[in-house]
Amino acid sequence: MVRKLLRSVREYKKHSILAPVFVIFEVIMEVVIPLLMANLIDFGIDDGNLEYIVKMGIVLVVFALISLIFGILSGRSAAIASAGFAKNLRKDMYYKVQNFSFSNIDKFSTASIVTRLTTDVTNVQNAYMMIIRVAVRAPIMLICALVLAFNVNSSMALIFLCIVPILAVGLFFIMSKAHPIFERVFKTYDKLNNVVQENLYGIRVVKSFVREDHENEKFGKISKSIFKDFSKAERLLAWNMPLMQFCVYTCMLLISWFGARLIVLSGNDPAVGMTTGQLMSLITYAMQILMSLMMLSMIFVMIIISRASMERITEILDEESDIT
């Protein structure tokens, strides 16, 4: 299914490759900045070395600007690649539908084909943009931040390894429960479009026989069904943010508590415990690790929504015309 959809990337392969490359360089700059900040605090501010503070300040500004530039370039490439991918996908589906016989069209229904060409393609476009940008950024940042956190203080970094499984299990539970609901919603969208289409085509008959109330009732019933399904799915996805915040604040509290005790006991000596700069860098890495997990959870949500759309689009592309 994925391989068939990726055939529509075609001339936008260049931007699809450039976006992850720019993201990698952006992440490298971001994970190095906390180390530089730790050195600025430990060897500049604590020692009162003004020359070192100015030098490290300039280096930090340069790294931040480079990270910003790579972020802008990655966003531009991802936008071009995803929009081009959606354009080609609509084109492929449209030309495929042109070859369908009446029996093929009746199999899907006109309303369903319209939904697949519009809503479903938009969902796949958004998912593709997140995959070539966010799905590359999040794992790389997660790994780099974990490695550097262990390099700063391995005993404190173990806190991350205790929190991550809790978050992973919670995200898997949410994903497994929400996907079937979105599959049902998109099928209901087809029914909604079909009701609207029938009403517009037969508007003269509806008005002649005074059937407006009946048509309104049909439309309201399907709209209410979509509302209920989407509300249920969104209630499940809403657990994503509280779960993430619980993990973030738990990590911050544990790092601050144990880190402060290590600093006091060691007298700010890195050979014995840890320094103020190292504690600050660990807190920054904690935010980066948990933010990358949050981005992964956003990707999961988008994949949950777009997976049903991908299956529906593939059905159109796989369909063979009865006309030979």
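Anything mentioned here points back to the structure above.
Here the structure is a predicted model, which is why all the values come from computation and not from measurement. (Residues numbered from 1 in each chain as written. Predicted model: local features only at pLDDT ≥ 70, side-chain atom pairs only at ≥ 80, totals over all residues. Heavy atoms only, no water.)

Draft legend 1. Seen up close, the pattern of salt bridges. Inspection of the entire model under this criterion finds 9 salt bridges. For the salt bridge of Arg-10 with Asp-92, the shortest nitrogen-to-oxygen distance reads 3.1 Å. You can see Arg-10 sitting in the loop between helix H1 (2-6) and helix H2 (13-45) and its partner Asp-92 sitting in helix H3 (residues 50-98), a full 82 residues away along the chain. By relative accessible area, which is 23% here, Asp-92 ends up partly exposed. Across the pair Asp-120 and Arg-312 runs a salt bridge, and its minimum N-O distance is 2.7 Å. Here Asp-120 is found in helix H5 (residues 110-152), whereas its partner Arg-312 is found in helix H10 (residues 276-318), with 192 residues between them in sequence. Side by side, Asp-120 and Arg-312 carry an identical accessibility label, which is buried. Within the structure, one salt-bridge network assembled from shared partners comprises Glu-26, Glu-30 and Arg-137. (Salt bridge = Lys/Arg side-chain N within 4 Å of Asp/Glu carboxyl O. Helix = DSSP H or I, 4+ residues; strand = E, 2+ residues; numbered from the N terminus. Buried < 20%, exposed > 50% of the residue type's maximum accessible area, 1.4 Å probe, protein only.)

Draft legend 2. The arrangement of the environment of Ala-260 in detail. Position of Ala-260 among the secondary structure elements: in helix H9 (residues 240-266). The spacing of Ala-260 and Thr-276 is 16 residues in sequence and 8.3 Å in space, taken between C-alpha atoms. Not counting chain neighbours up to four residues away, the residues in contact with Ala-260 comprise Ile-255 and Leu-279. (Contact = heavy atoms within 4.5 Å.)

Draft legend 3. The arrangement of unusual backbone geometry in detail. Phi is positive for Arg-10, close to 45°, though the residue is something other than glycine. The class of Arg-10 is partly exposed, set by a relative accessible area of 34%.

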